[in-house]
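# Breakdown of the fold
What follows is each chain in one-letter form.
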Amino acid sequence: MLGRVNHVAIAVPDLAAAVASYRDTLGATVSAAQALPEHGVTVVFVELANTKVELLEPLGEGSPITAFLEKNPSGGMHHICYEVSNIVDARDHLVQAGARVLGTGEPKTGAHGKPVLFLHPKDFSGTLIELEQA
Ligand code: CO
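Residues numbered from 1 in each chain as written. Predicted model: local features only at pLDDT ≥ 70, side-chain atom pairs only at ≥ 80, totals over all residues. Heavy atoms only, no water.

### Examining the pattern of salt bridges
Considering all chains together, one arrives at five salt bridges under this definition. Where Glu-83 meets Arg-4, a salt bridge forms, and the shortest distance between an N and an O atom there is 3.0 Å. Placement of the pair is Glu-83 in strand β6 (residues 76–84) and Arg-4 in the segment before β1 (5–11), with a sequence separation of 79 residues. Residue classification places Glu-83 among the buried residues on the basis of a relative accessible area of 13%. The exposure class assigned to Arg-4 is partly exposed, which follows from its relative accessible area of 42%. When the shortest N-O distance is used, the salt bridge between Arg-100 and Asp-123 registers 2.8 Å. Taken as a pair, Arg-100 in the loop between α3 (87–96) and β7 (108–109) and Asp-123 in the loop between β8 (115–119) and β9 (128–133) lie far apart in primary sequence, 23 residues in all. Classification of Arg-100 as partly exposed rests on a relative accessible area of 40%. Ionic contacts of the salt-bridge type, sharing partners, join the residues Arg-91, Asp-92 and Glu-106 into one network. (Salt bridge = Lys/Arg side-chain N within 4 Å of Asp/Glu carboxyl O. Helix = DSSP H or I, 4+ residues; strand = E, 2+ residues; numbered from the N terminus. Buried < 20%, exposed > 50% of the residue type's maximum accessible area, 1.4 Å probe, protein only.)

### Side note on the nonpolar core
If you look at the biggest cluster of nonpolar residues, it comprises 12 residues: Ile-80, Tyr-82, Val-84, Ile-87, Ala-90, Leu-94, Ala-99, Val-101, Leu-117, Leu-119, Ile-129 and Leu-131. Counting residues per element, the ones that place at least two in this core are β6, α3, β8 and β9. Setting aside anything within four residues of it in sequence, one finds Ile-129 in contact with Ile-80, Tyr-82, Leu-117, Phe-118, Leu-119 and Phe-124. Membership of the second largest hydrophobic core comes to 11 residues, among which are Ala-11, Phe-45, Ile-65 and Phe-68. (Core = buried A, V, L, I, M, F, W, Y, C linked by side-chain atoms within 4.5 Å. Contact = heavy atoms within 4.5 Å.)

### What to know about the pairing of β9
Extensive coverage of β9 is indicated by the burial of five of its six residues. Here six bridges tie β6 to β9, and the two strands are oriented parallel to one another. Each bridged residue has a counterpart across the sheet, and for Val-84 the counterpart in β9 is Gln-133. In this sheet, β9 lies alongside β8 in antiparallel orientation, the contact comprising four bridges. The residue of β9 that forms the bridge with Val-116 is Glu-132. (Pairing = 2+ DSSP bridges.)

Given below as structure tokens:
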């Protein structure tokens, strides 16, 4: 069911500082910041040869990463995103297998304009999983 790793996401308390360290210290190519109010985050993508790293900063009240940053004040790995060919088929399979899909269970449009879903970390070794329809 799983395709390639689309990205690994890191929650950060200060996006400008994180961008500077990836761009200036690590020498990576970093995209422009993109506000995603529907997801409560501002994101940039660090473009790598084989995948991307997504840096996430909270946006607005009740951001889903606020509690994470309270527990991890200097930031930390927040989720991993795997590609699937059909997100509705993947969801139906996972729900049937007893996995918990977060939110309403209906795909939302993610940062790349493609449908995404999140799976409960307690069902997957303590790691929040994002599925993106490739
Ligand atoms: Co993501």
